[in-house]
Amino acid sequence: MKTVQPYKRIVVLTGAGISAESGIATFRDKDGLWAKYDISEVATPEAFARNPRKVLDFYNMRRRDVLGALPNAAHAALARLERTAGLDVLIVTQNVDPLHERAGTQKLIHMHGRLLSAWCTACDDKQAWDQDISLETTCRSCSAIGHMRPDIVWFGEMPYQMDTIDDALAEADLFVSIGTSGNVYPAAGFVQTARRFGAHTVELNLEPSEGTSLFHQRRHGKASEIVPAFVAELTSGEK
Ligand code: OAD
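Residues numbered from 1 in each chain as written. Predicted model: local features only at pLDDT ≥ 70, side-chain atom pairs only at ≥ 80, totals over all residues. Heavy atoms only, no water.

1. Here we look at the overall build of the chain
Logical step 1: A count of helical and extended segments in the chain gives 9 helices and 9 strands.
Logical step 2: Here the C-alpha coordinates of the chain stretch approximately 60 × 35 × 35 Å along the principal axes.
Logical step 3: When the 239 residues of the chain are sorted by exposure, 50% land in the buried category.
Logical step 4: A separation of at least 24 residues holds for 62% of the contacts in the chain among residues at least 6 apart in sequence.
Logical step 5: Carbon and sulfur atoms provide 51% of the accessible area of the chain, an area that totals close to 11300 Å².
Logical step 6: Each charge sign in the chain was given a centre, from 26 positive and 30 negative side chains, and these centres are 3 Å apart. (Helix = DSSP H or I, 4+ residues; strand = E, 2+ residues; numbered from the N terminus. Buried < 20%, exposed > 50% of the residue type's maximum accessible area, 1.4 Å probe, protein only. Contact = heavy atoms within 4.5 Å. Areas by Shrake-Rupley, 256 points an atom, 1.4 Å probe, with all protein chains shown as cover. Lys, Arg positive; Asp, Glu negative; His and termini not counted. Charge placed at Lys NZ, Arg CZ, Asp CG, Glu CD.)

Quick look at the structure:
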């Protein structure tokens, strides 16, 4: 059935599942990162205070993994969605990889930070970064030594740009969640916020997420297949 394009303001939340087919590890799948590493040892401010070298090594490894990674058909489809005339699309990603921007997405929030950015805790400057960070790394801005950390939101820290995200969720008429298990708040709560403000809500994931029953509509399969198909339907006006 053909209908007039029903949605104008779209918020898309993405998680590790959208990058899995680009060769980047997810967290909670059986071979995911949290099966091999303990969150409390590599992804908290306390872990960094206790054993900074271990935390830096974990993110150095992950940064190297994304240097040559390429976006897949799902990232490309979302970039096309953004270019569709008449649509206002915001992509909010929990991912710290650079694959949405490599696919051409412009309006993008990295709510959990970015691997390709480093943060100097001495001068507070954030800098584009594609090298390993060590305890001897010098800040390019203030020259302090040993104050660089990954520009990553750790457990117990506040995700970035929450005010902008909340405003967009309140105005959205469509909310789409892609490739996320729905385990980590506040992102896992976005579906409820969007629904409360009247948005239609859709889950696109390999399998039902923790919050799958909160969505009006669900499709399960590989992101590289179901995301392009969903975007094609949306942009042709089919529901
Ligand atoms: P998870 O690893 O928790 O979930 C990934 C989801 O993607 C799972 O539900 C998989 O079934 C699904 N998936 C796997 N391969 C897929 C594919 N090819 N196509 C579609 N879906 C696929 O990752 P996130 O939900 O992103 O935070 O994790 C959220 C946050 O927890 C991360 O940002 C990270 C992590 O701890 C921090 O480090 C702060």
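2. Remarks on the site of the ligand
Logical step 1: In the vicinity of the ligand lie 24 residues, with Ala16, Phe27, Arg28, Thr180 and Ser181 positioned nearest.
Logical step 2: Within the side chain of asparagine 205, a nitrogen or oxygen atom sits 2.9 Å from an oxygen atom of the ligand.
Logical step 3: Take alanine 223: an N or O atom from its main chain is 2.8 Å from a nitrogen atom of the ligand.
Logical step 4: Classifying every residue of the shell around the ligand by side-chain character gives 9 nonpolar, 10 polar and 5 charged. (Near = heavy atom within 4 Å. Polar contact = N/O pair within 3.5 Å; in protein donor to acceptor, adjacent residues only side chain to side chain. Nonpolar A, V, L, I, M, F, W, Y, C, P; charged D, E, K, R; others polar.)

3. Thoughts on the pattern of salt bridges
Logical step 1: If you walk through the whole model with that rule in mind, you get 8 salt bridges.
Logical step 2: Between aspartate 88 and arginine 9 there is a salt bridge; the shortest N-O distance is 3.6 Å. Of the two residues, aspartate 88 sits in strand 2 (residues 88-93) while arginine 9 sits in strand 1 (residues 9-14), which places them 79 residues apart along the sequence.
Logical step 3: A residue is classified by how much of its surface remains accessible, and arginine 9, at 39% relative accessible area, is partly exposed.
Logical step 4: The shortest N-O distance in the salt bridge between aspartate 88 and lysine 107 comes to 2.5 Å. Highlighted residues: aspartate 88 in strand 2 and lysine 107 in the loop between helix 6 (99-103) and strand 3 (108-110), separated in sequence by 19 residues.
Logical step 5: Relative accessible area serves as the criterion here: at 37%, lysine 107 is assigned to the partly exposed category.
Logical step 6: Connected through shared salt-bridge partners, Arg9, Asp88, Lys107 and Glu171 make up one network. (Salt bridge = Lys/Arg side-chain N within 4 Å of Asp/Glu carboxyl O.)

4. Looking at the sheet that holds strand 4 (residues 113-120)
Logical step 1: Reading across the sheet, the 3 strands line up as 5-4-6 and stay open at both edges, with antiparallel pairing between neighbours. The open sheet has two free edges, formed respectively by strand 5 (126-128) and strand 6 (148-152), since each of these has just one partner strand. Taken pair by pair, the neighbouring strands of this sheet meet at an average axis angle of 45°, ignoring direction.
Logical step 2: Sheet topology places strand 4 next to strand 5; 3 bridges connect them, and they run antiparallel. Paired with tryptophan 119 across the strands is lysine 126, a residue of strand 5.
Logical step 3: Along the sheet, helix 4 (residues 52-67) makes contact with strand 4 and strand 6, crossing strand 4 at roughly 135°. (Pairing = 2+ DSSP bridges. Axes fitted to C-alpha atoms, helices over the stretch in contact; angles between N-to-C directions.)

5. Topic: helix 9 (residues 223-236)
Logical step 1: Look at helix 9: 19 Å from first C-alpha to last across 14 residues, which is about the 20 Å you get at 1.5 Å a residue.
Logical step 2: Listed in full, the buried residues belonging to helix 9 are Ala223, Ile226, Val227, Pro228, Phe230, Val231 and Leu234.
Logical step 3: Contacts made by the buried residues of helix 9 are with strand 1, helix 5 (73-83), strand 7 (174-178), strand 8 (200-205) and strand 9 (217-220). (Expected span 1.5 Å × (residues − 1).)

6. Observations regarding helix 4
Logical step 1: Over its 16 residues, helix 4 extends 22 Å from the first C-alpha to the last, a length consistent with the 22 Å expected when each residue adds 1.5 Å.
Logical step 2: For helix 4, the complete set of buried residues consists of Val55, Leu56, Phe58, Tyr59, Asn60, Arg62, Arg63 and Val66.
Logical step 3: If you follow the buried residues of helix 4, they end up packed against helix 1 (33-36), helix 2 (39-42), helix 3 (45-50), helix 6, strand 4 and strand 6.

7. Some points on the sheet that holds strand 7
Logical step 1: Across the sheet, which stays open at both edges, the 6 strands sit in the order 3-2-1-7-8-9 with parallel pairing between neighbours. Strands with a single pairing partner mark the edges of an open sheet, and in this sheet they are strand 3 and strand 9. Averaged over all pairs of adjacent strands, the angle between strand axes in this sheet comes to 15°, irrespective of strand direction.
Logical step 2: Relative to strand 8, strand 7 is paired through 5 bridges, and the arrangement is parallel. Residue pairing in the sheet places phenylalanine 175 in a bridge with threonine 201 of strand 8.

Treat this as a map of the structure, not an account of what it does.
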